[in-house]
Amino acid sequence: MKKQFVYLFSEGNAQMREILGGKGANLAEMTRLNLPVPQGFVVSTEACNDYYDKDGVISDVIKDEVIKNMRSLEKITKKNFNSNDNPLLVSVRSGSRASMPGMMDTVLNLGLNDEVALVMAKNNERLAYDSYRRLIQMFADVVHGVDKKHFDQVMDTIVDKYEVETDHDLSVIALKEVVERYKETFKREVKEAFPQDPEKQLMQAIESVFKSWNNDRAIYYRRMHKIPDTWGTAVSVQEMVFGNMGEGCATGVAFSRNPATGTKELYGEFLFDAQGEDVVAGTHTPLQISQLKETMPKQYAEFQEISNFLEKHYHDMQDMEFTIENYKLFILQTRAGKRTAQAAVKIANDLVREGIITKKEAIESLDLDIIDGLLHPQFKLEALQSIEPIASGLPASPGAASGLIVLSAKKAVEYSDKGRPTILVRMETSPEDIEGMNLSLGILTARGGMTSHAAVVARGMGKACIVGSSDLRVFEDHVMIKDKKYFEGDQISIDGGTGFVYEGQIETQSVAIAEDFDNILTWSDEIADLKVYTNADSSHEIQTALDFGAQGVGLVRTEHMFFEADRIRAVREMILSTNEMQREVALSKILPIQRDDFEKIFRTVKELPVTIRYLDPPLHEFMPTTTQDIEELATVMSMSVHEIRDTIRSLHEFNPMMGHRGCRLAITYPEIALMQTRAIIEAAINVTKEMKDNVLKPEIMIPLVGDVAEFNFLAKKVKTLADQLIRESGVSINYTVGTMIELPRACILADEIALEADFFSFGTNDLTQMTYGFSRDDAGGFLKSYYKLGIYGDDPFSTLDTSGVGELIKIAIDRARKVKPNIKIGICGEHGGDPRSIAFFKSVGMNYVSCSPFRVPIARISLARD
Ligand code: PEP
Ligand code: MG
């Protein structure tokens, strides 16, 4: 069958979004519902893709179909395109499958030329020339990229010449002059005359809309909202109705509910005697929609009725464009309205209360990127409007923060002692920076990806963080942002949700989480089959996660506990030990501190499962880097600076992420694992005694296992000691010993490992790194070229690569469950908080996802969605 590329509105419906785009599908649907919609046709997204497949040529087949549909539209409207007899003018607008407001282009009044203007002028001279000048300017802008300023200059001169206030007040004579001058401007800028052939105008306009799919702002918007480049845009061609015909005419945009607060009321703006772009262009001050009620009560009531009807029909708040031509109301567009997080939550609740949507629909309706804003401070929107970012990077942890630049953890401490807020700016962070990160309001790094240390730790702390900003260079006592120098103490602001860095201070605001949001979370839990755990390293973080509704702890990274000032020295002593005895002495200093940490954690989680991961990073990460720290350590250890430097050098590895880390550390130094076992089990015994109830569920997790023999070697040692301690204590502790699955080899051999391990937790950060074979910390740089070239669509460290890494996960789960059907399986990589990855984890039969505390609500909602 011949492929159809163009559809009349009357041939489509709301389900045809993929082909007709959101706008086209909704216009078709409203036509089907007999609403007052000016008629037209849609050139489909498939035509757009065909245009790109043919390297930027609209095929004759498509052109013929456009013309054929134009003939049908002429019949429907009883008007004529390309004729002086009752002329038909149209608007040409873009409309992709996902709404991309303002991202692409629109041309109005298409079909006008000198002769058509003369014909129209017989009825309404003003309308004819007002519409014509608008067409010339929009056509120049959209089709030829001519800057609006050239036309604005002409308009300003004429407004001055005729001594009026705005273009609205120009006489017909003046408008005619505008048209002539605009045509001259067009010719000067475009180097050809404004096209008089309406069909040529139409084809050029359609082509420009196709092209606008790939303009910079559309590409940027797609990347931000993860919209595939392959979707293409449709083009709707619709009969013009005129809000600029004089008395009884108006045009405007309105939401069916207030998009800022969610209150149920028509909310929007309009202008009398104007065309659509006047309302949004900011050149005229629009009126509040409530004023329409006073002047045109009948039309207002009709609009209100249609608004209610559309909400009920689409089960969502609507954003509508309307025009009133000679007291007759037309709806030009409807779509789901963008809204603030508070409004989204209120509207979802209200629509459930009003019986318009189900709880499940309420959960599905939420834009999770926006909802995330409820959980972190945000910049005030008004403040952002007048300011441009000075740099950008990866949006690693959402939230907005303003503070003074500090370049070291030490400086952060110094400033924070004086009560001054800081932003820690580093080349990249290392565990040494923990305290500085904790004290700062935000973190900005020049290097690193979405699972780098800074990203992971900041997310855990719920702090704003941007990583991998290539606009930034960090030096000892200053930073360069692009070509400008900044020093410690200079004020910057960062938005970890968008990845933008700003100069100076920007006001932030926090939003209180209200009852309505709790309702959404409760409804989500009723629907979800999987649990949400958290990745958290301290009792404080765990408490935050529990308050957000976490049902367990999926990952305690014990090394993060090693970095606090009171313990790093002992850890360094341990590393510098040259024999087992020395190491035991150092470990015995760490033991009480770790035990104390675990006691706090157990008291916080009580009966909930808590998965504690043994030491994981390569040891050199714990060594001092500054001369001062090295000298200090040398004194404490009674060693020479030279010896310390030698040891640091000996720990150097070319590929530390693939080196002596994970379970490999404990295999070479089992006393580390034994110390950690003792700390966990003794803490569990102590807390169980306090609680007089053996409810604790510690889960001991061995990282980076690639062979069951590695697991067995360590599990045996851990269990022997744990059992002995428990026996001696006289209380019973139900601990388990499991492993992280972070290596492709572990996935393939998952059945062998499952026979021995009590549980699996997928470490998808490492699993992604090891599967792709590129570093989670360094890949950011070249991945940018990959996104640009369309080789990859998403950052695989943010959104799980379901076809590669995901396939390994499926293999592992299948093989593990074959030998141990009830083995507990979860995920604790950063993907555990990403909605699209969560959809995958649901589909492969995991028991839980684990994510950073501030991500818990988003994960709960995601698990309830289809
Ligand atoms: C992982 O690799 O996914 C993981 C959770 O461990 P880490 O990020 O600490 O390596
Ligand atoms: Mg890992």
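Everything here concerns the structure above.
Here we summarise the structure given alongside this text. (Residues numbered from 1 in each chain as written. Chains lettered and ligands numbered in written order. Predicted model: local features only at pLDDT ≥ 70, side-chain atom pairs only at ≥ 80, totals over all residues. Heavy atoms only, no water.)

**Side note on helix α32 (residues 805–819)**
Then comes step 1: With 15 residues, α32 ought to run about 21 Å at 1.5 Å a step, and its terminal C-alpha atoms sit 22 Å apart, in line with that.
Then comes step 2: Taken residue by residue, α32 has Val805, Gly806, Leu808, Ile809, Ala812, Ile813 and Ala816 as its buried positions. Projected down its long axis, α32 carries its buried residues within an arc of 155°, all on one side.
Then comes step 3: Structurally, α32 contributes buried residues whose contacts are with α28 (744–748), α29 (750–756), β29 (759–762), α30 (764–772), β30 (824–827) and α33 (835–843). (Helix = DSSP H or I, 4+ residues; strand = E, 2+ residues; numbered from the N terminus. Expected span 1.5 Å × (residues − 1). Buried < 20%, exposed > 50% of the residue type's maximum accessible area, 1.4 Å probe, protein only. Arc of directions from axis to C-beta. Contact = heavy atoms within 4.5 Å.)

**Details of the sheet that holds strand β17 (residues 464–467)**
Then comes step 1: Read from one edge of the open sheet, 8 strands run β12-β22-β21-β14-β15-β16-β17-β13, paired in mixed fashion. The sheet terminates laterally at β12 (391–392) and β13 (394–397), the two strands that pair on one side only.
Then comes step 2: Sheet topology note: the β13/β17 ladder contains 3 bridges and is antiparallel. By the bridge assignment for β17, Ser397 is matched with Cys465.
Then comes step 3: Contacts from helix α18 (residues 453–461) reach β13, β16 (442–445) and β17 within the one sheet, and its direction differs from that of β17 by about 170°. (Pairing = 2+ DSSP bridges. Axes fitted to C-alpha atoms, helices over the stretch in contact; angles between N-to-C directions.)

**Comments concerning the coordination of the magnesium ion (ligand 2)**
Then comes step 1: Summarising the metal site, the magnesium ion (ligand 2) is bound by the protein donors Glu742 (OE) and Asp766 (OD), whose distances to it range over 2.0 Å. Within this pair, whereas Glu742 is found in the loop between β28 (736–741) and α28, its partner Asp766 is found in helix α30, the two being separated by 24 residues in sequence. (Donors = N, O, S within 2.8 Å, 3.2 Å for Na, K, Ca; no water.)

**Some details on the side chain of Thr611**
Then comes step 1: As for its position among the elements, Thr611 is in strand β26 (residues 609–613).
Then comes step 2: Polar contacts involving the side chain of Thr611 include one to the side chain of Glu699, which spans 3.0 Å.
Then comes step 3: Once residues within four sequence positions are removed from consideration, Thr611 is found in contact with Val553, Gly554, Leu555, Val556, Glu699, Met701, Phe759 and Tyr848. (Polar contact = N/O pair within 3.5 Å; in protein donor to acceptor, adjacent residues only side chain to side chain.)

**A short note on the sheet that holds strand β24 (residues 531–535)**
In a beta sheet, neighbouring strands are held together by backbone hydrogen bonds and run either parallel or antiparallel to one another.
Then comes step 1: Strands sit in the order β24-β25-β26-β27-β28-β29-β30-β31 around a closed barrel of 8 strands; the barrel is parallel. Taking the axes of each pair of neighbouring strands and ignoring which way they run, one obtains an average angle of 25° across the sheet.
Then comes step 2: Examined bridge by bridge, β24 and strand β25 (residues 553–557) share 2 bridges and lie parallel to one another. Within the sheet, the bridge partner assigned to Thr534 lies in β25 and is Val553.
Then comes step 3: Its contacts with the sheet put helix α34 (residues 856–863) on β24 and β31 (848–851), and the angle it makes with β24 is roughly 155°.

**A word on unusual backbone geometry**
Then comes step 1: With a phi close to 60°, His315 is a non-glycine residue in the positive phi region.
Then comes step 2: Within the element layout of this structure, His315 appears in the loop between α11 (297–314) and β9 (318–325).
Then comes step 3: A relative accessible area of 32% means that His315 is categorised as partly exposed.
Then comes step 4: The phi torsion at Leu704 lies on the positive side, around 55°, for a residue other than glycine.
Then comes step 5: Position of Leu704 relative to the elements: it lies in the loop between β27 (697–702) and α27 (708–729).

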